Amino acid sequence: MKFELFSQVALREDIPKYNLKKGAIATIVEHYPMPEGEEDGYSLEGFNVEAITVEVAESLIEDKTAVETAPTKTKSASAD
């Protein structure tokens, strides 16, 4: 999957080095195409952290809308 520059994406997993959590939203500011058989990379900005750019492999991000539309579990309220 190739993401467009300046599109918003969400992290698929935590990145402890930067204290970033799964689901954090960022904007793609650079794409690093790799040779066939290797994973493309991206630079992300906008994690509500000033002056930080995080470089990640393509498998660590997903389209932001995938996170927004994912079903959430809710507790059912019981009437007493």
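Refer to the preceding data block for the structure.
The model shown is predicted, which means the values in this text are computed figures rather than measured ones.

This brings us to the overall build of the protein chain. Along its length, the protein chain carries 1 helix and 5 strands. Each helix and strand of the protein chain, ordered N terminal to C terminal, gives the series β-β-β-β-β-α. Taking all 80 residues of the protein chain together, 26% fall into the buried category. Partitioning the contacts of the protein chain with sequence separation of at least 6, the portion at a separation of at least 24 is 35%. Carbon and sulfur atoms provide 49% of the accessible area of the protein chain, an area that totals close to 6000 Å².

Of note in the backbone geometry, Phe-6 takes a positive phi value of approximately 70° without being a glycine. Summarising the element assignment, Phe-6 is placed in the segment before β1 (8–11). The exposed category is assigned to Phe-6, whose relative accessible area is 61%. In this model, Asn-19 sits at a positive phi of 60°, which is unusual for a non-glycine residue.

Another point: the packing of aromatic side chains. Enumeration according to the criterion identifies 1 aromatic pair in this entry. Relative to Tyr-42, the ring of Phe-3 lies with its centre 5.6 Å away and its plane at 80°, an arrangement referred to as edge-to-face. With Phe-3 in the segment before β1 and Tyr-42 in strand β3 (residues 41–45), this pair connects stretches of sequence that are 39 residues apart. For the pair formed by Phe-3 and Tyr-42, the shared burial category is buried.

What follows concerns the environment of Ile-28. As for its placement among the helices and strands, Ile-28 is situated in strand β2 (residues 25–32). When the C-alpha atoms of Ile-28 and Gln-8 are compared, they prove to be 6.4 Å apart, with 20 residues separating the residues in sequence. Not counting the four nearest positions on each side in its chain, Ile-28 is found in contact with Phe-3, Glu-4, Leu-5, Phe-6, Ser-7, Val-9, Tyr-42, Ser-43, Leu-44 and Ile-61.

The 5 strands are arranged β4-β3-β2-β1-β5 in an open sheet whose pairing can be described as antiparallel. Here the strands that pair on one side only, and so sit at the sheet edges, are β4 (54–57) and β5 (61–63). Strand-to-strand twist across the sheet, computed as the mean angle between neighbouring axes with direction ignored, equals 50°. When β2 meets β3, the two strands line up antiparallel, connected through 5 bridges. The residue of β3 that forms the bridge with Thr-27 is Glu-45.

Rules behind the numbers
Residues numbered from 1 in each chain as written. Predicted model: local features only at pLDDT ≥ 70, side-chain atom pairs only at ≥ 80, totals over all residues. Heavy atoms only, no water. Helix = DSSP H or I, 4+ residues; strand = E, 2+ residues; numbered from the N terminus. Buried < 20%, exposed > 50% of the residue type's maximum accessible area, 1.4 Å probe, protein only. Contact = heavy atoms within 4.5 Å. Areas by Shrake-Rupley, 256 points an atom, 1.4 Å probe, with all protein chains shown as cover. Phe/Tyr/Trp six-rings, centres within 6.5 Å; stacked < 30°, edge-to-face > 60°. Pairing = 2+ DSSP bridges. Axes fitted to C-alpha atoms, helices over the stretch in contact; angles between N-to-C directions.

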